[in-house]
Structure formats: C-alpha cells, structure tokens
Amino acid sequence: MVFKRLASERQQEARAPLTSSEAASTARPKNPRPFLRHPLRPASKPERCGNPETESGASFGEKLLLRSRRRELSQAARHTTGRLERPRLVSDGWKHRLSRGDYFQLERTRKEPPGETSDGDVPSTFLELGLEPRVAASLQDALGISRPTPVQLRTIPALLKGGHALCGAETGSGKTLAYLLPLFQRLLQAPTLPAGNLSGTSPRSLVVVPSRELAGQVRRVAALLADPLDLQVKEIGGGRGTAVIRRWIHEGPSDLLIATPGALSKILKRKMLSLEKLLFLVLDEVDTLLDDVVQFIRLKGGEKVAELLQLLKERGSSSGAVIIFCNRARTVNWLGYVLEDHNINHLRLQGEIAADTRAGIFKAFQRGESDILLCTDIASRGLDTIHVELVINYDFPLTLPDYLHRVGRIGRIGSKFLGTAVSFVSHKWDVDLVRKIETAIKVFLLFAAEPHQEV
C-alpha cells in the first residue's frame, strides 16, 4: 500500500526535529534562483514557460489548458490522446534531483467566480424535471427525497437530453444524485443486451472517483436507488488484490461500475475489464479544476520559504485571502515565526490549539482581521471560505482526499474571486501522488475538450 508506506514515512518525519534545511531557509539565499512564473504575477517579458500562442501542441491563437516549463508537454485545448495511449506526464521525472525548478499548471477557463443562478419559475418536483415515476419513486422510498436542489434542477434536464455536462457545486449540494438519477433512467431506457452478452467485465456505465472513501460513499447511495430498479452496481477501489477484483468483476453483470483511477488503470492494463459496451461516463470530484489555476512546483525543501514569501509579496491590495497548509502543527508554529520576522500579519490554526480557540481564530479570519491563515488540514473541511483567492500547499498533502479538500477552499459557489492553488513538491514520496493527480487532470482535459453543456 503506497499510502500506508507514505503515512509511515510522514509519521517518522513528524517525530524528527526540524532539519537543517528548514532552519536555514528562514534567511534569504545569497544567490536566489530565477523565480518561477506564478499565476498571480503577470508576465512582463517572455519567460521559461513560453508563449501560449506558440508553444508546441497549440496552433496560433489557441489557448493552453495545461502549461509546463517544457513546452512539448504543454497541452492545448484541442489535444487528443489515443484510446490506449498513456498521456505523457510532466512529473514523470520528478524523483530525479535535476527536476528541481520544473513545474506545471492547469490554466483557468472561467472568467468569473462560479455562482448560483435562478431562472424564475422552476420545477418543484423530480417528475417535472423529466424523471420517470419509477425512478422518482425509488428516490422517495430509498432516501425520502422529493424536491430537487438547485444543482439538480440545472443538471438533470441537461443529462436526460443526452448531452455532455460539466457541473460545479459545493459539497452537500446534491451533485451525486444530480448525475445518478438521469444515469439510471438512461440505463433503463437503453436497449437491453442479449443474455449471452451480459458480463461483469463490460459495464454499461462508469463513475470514476478519486478515492476509495468516495467510491464507497457513491456506491451506497447508488445501490439504494438501483435495487428497486433491478440495476446492478459494483465498486472497485484500491488496496485490494488482483484475485479479489477479478472475482468481483465476474460476479454477474454490471450496469454501473464505480472505480478509482488506480484500480481502473490496473484492471484495464491486465485486460480484466472492457469498456466496449460503455454507454455513460462520469468523472466525479474533478469538475471544478478548470475554474482555477492549479500549479505544482518541484523544488528543494530549503527553497520553500523564499517561494512562499515571493507569492505573498506579489499580492495586490485588492487580492482575496490566502490559506497556507502545512502537515504538522510544529511547522505551522515555525513558519509563523518566519512570517512575523517579515512583518506579515497572519493567523495560525492547528490541532494543538483548544477547540474553542480554534473556532474564534477562524471566525476572525472570516471577518477579515487577517487575510492570511496558516494552518494544518484542520481547516480543509467544512469551512466557509468564499473570500479565499489563493491556497498554498507549503507541505504537499499525504493523500488525494486531503489534496482535494485543501484546493476545495477556492472556486466555491458564491466565491468573490477566481481561485489559484499552488503546491510545493519537495520530497520524492510526494511525486507518486502528483503523478496520480496529473493523470486525472489529463483525462479530464480530454473530456473537457468534447462539446458539453456547462451547468
């Protein structure tokens, strides 16, 4: 288990004293290396990352969706990859020491922060949205839900019409049901395959989610809806042996398969699964990435403070708030002293602070008493952060869910700013997770290049 091994390494690191590179990085380097182009600073002259109009893979006037220091790895909006072709990753060589200074960033496509919209008179029931009575009845009986949420009002009709849809909404807004309900109805309406062609190795629909935890959550909801409709739901996540996965796949037909990218890649490479009968595809928890600039920078641990200070000092007077994430409470405290030395006003939030005090600190951050919050992952979940413009992962998160929750502090519905997320990648064990994230981004960009309706 990669994550278990990484967790063990991080726990050993947490018990260790501050390294000499951490202690030394409080001082500015005598000969600082050329600063990487950051999305907060407009380029005043040609930089290492190249011109978006002339880089390889983009025709004249075509905008890049993924920008890299190495021009040949940048990805244009109309870039396509063969069905069985593995996308080239910028982070493939990041475990080598010569990769320091490399970076890639996902460019935003939205010009305004996301927000809820109203269309006057709207349907008040799922039947009015176009769901069949049997699907609406399954929802009512299984979950006791009879009225659609705003995101469901906009998404369900679009998907029932048979088009692509790109949906962005906050956690708890009903996104899962927004795609499951029309998905199940379309499966019920699709022609039934002959009995001899039914197989668990060829699912009719696929939902790809970033983590095992989310896969289990989606499966539980999907199974409650699918059982009364006589539809079969299966889940394949990471951390399970090949023999177990093969047995699950062959246990009868699958109308809906829910899988994580790692597990899906494994079974496709070993030809345990075929997508030839696939009718519908859902990519969950990556739908807001195109709203923001997402950047990964490969550097030494001793260079992180200088990069952080540069980012903070480039902010304008009208910029939004900043959240800086660290993996350990003692790093929060130590980095706080560094910011104090540079006269940078900030608040600190970490798990060793009493719960009542933590609540007061975050409320002060929301009130604007300080526009910089230095914290651990305790601030990455369930906190209202619509005024945040920049998230900096000073320490790279250990797991994919942690990464998603951190960058989820920007690009939220009702946000006042377009978001930017910058991640410092300084350890070799960070690179494994960066590669998974970059692979997911590449897959999503290919989907986003297809015609779709944004909701």
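Numbering of residues starts from 1 in each chain and follows the order in which that chain's sequence is written. Only residues with pLDDT of at least 70 are given local features in this predicted model, and only at 80 or more are side-chain atom pairs given and counted; all residues enter the totals for whole chains, interfaces and linings. As a rule here, side-chain values come from all non-hydrogen atoms in the structure, and water together with hydrogens is ignored.

(A) A look at the nonpolar core. Put simply, buried Ala, Val, Leu, Ile, Met, Phe, Trp, Tyr and Cys residues joined by side-chain atoms within 4.5 Å make one nonpolar core. Relative accessible area decides the class of each residue, using a 1.4 Å probe on protein chains only: under 20% of the type maximum gives buried, over 50% gives exposed, and in between gives partly exposed. Judged by nonpolar contacts, the single largest core of 36 residues is most densely connected at Trp 94, Phe 104, Phe 296, Phe 365, Leu 373 and Ile 437. In this text, helices come from DSSP runs of H or I with a minimum length of four residues, and strands from runs of E with a minimum of two, each type numbered from the N-terminal end. When residues of this core are assigned to their parent elements, the largest contribution, five residues, is made by helix H14 (residues 428–448). With residues near it in sequence (within four places) discarded, Phe 365 still touches Ala 321, Val 322, Ile 323, Leu 347, Ser 370, Asp 371, Ile 372, Leu 373, His 387 and Val 388. The next biggest cluster of nonpolar side chains, apart from the first, holds 33 residues, and it includes Leu 160, Leu 187, Leu 225 and Val 282. We call two residues contacting when some pair of their heavy atoms lies within 4.5 Å.

(B) Representation of a positive patch on the surface within the structure. Any residue with relative accessible area above 30% and no salt bridge may belong to a patch, with like charges joined within 9 Å and the nonpolar Val, Leu, Ile, Met, Phe, Trp and Tyr side chains within 5 Å. The Shrake-Rupley method, run with a 1.4 Å probe, gives the accessible areas here. Residue values count only the displayed protein chains as cover. For salt bridges, the criterion is a side-chain nitrogen of Lys or Arg within 4 Å of an Asp or Glu carboxyl oxygen. His is not counted, nor are the chain ends, whereas Lys and Arg count as positive and Asp and Glu as negative. Charge positions are represented by NZ for Lys, CZ for Arg, CG for Asp and CD for Glu. Judged by side-chain charge, Arg 97, Arg 100, Lys 300 and Lys 428 come together as a positively charged surface patch. Mapped onto the secondary structure, Arg 100 falls in the loop between strand E2 (75–76) and strand E3 (103–106). Its relative accessible area of 37% is what places Arg 100 among the partly exposed residues.

(C) A look at the pairing of strand E12 (residues 372–375). Because side chains alternate across E12, one face comprises the buried residues Ile 372 and Leu 374, and the other comprises Leu 373 and Cys 375, equally buried. Judged from the four bridges that link them, strand E10 (residues 321–325) and E12 form a sheet pairing that is parallel. When the bridges of E12 are listed, Phe 325 appears paired with Cys 375. Relative to E12, strand E11 (residues 347–349) runs parallel, the two sharing three bridges. Note on E12: the bridge partner recorded for Arg 348 is Leu 374. Seen with the strands pointing away from the viewer, any crossover whose path from the first strand over the helix to the second strand runs clockwise is right-handed. Handedness of the β-α-β unit built from E11, helix H12 (residues 355–367) and E12 comes out right-handed. Following DSSP output, two strands are said to pair if at least two bridges run between them.

(D) Geometry of unusual backbone geometry. The backbone of Asp 230 sits at a positive phi, close to 60 degrees, despite the residue not being glycine. Along the chain, Asp 230 turns up in the loop between helix H7 (212–226) and strand E6 (233–236). Overall, the relative accessible area of 61% leaves Asp 230 in the exposed class. Here the phi dihedral of Asn 343 falls at roughly 55 degrees; this positive angle occurs in a residue that is not glycine. Residue placement: Asn 343 occurs in the loop between helix H11 (329–341) and E11.

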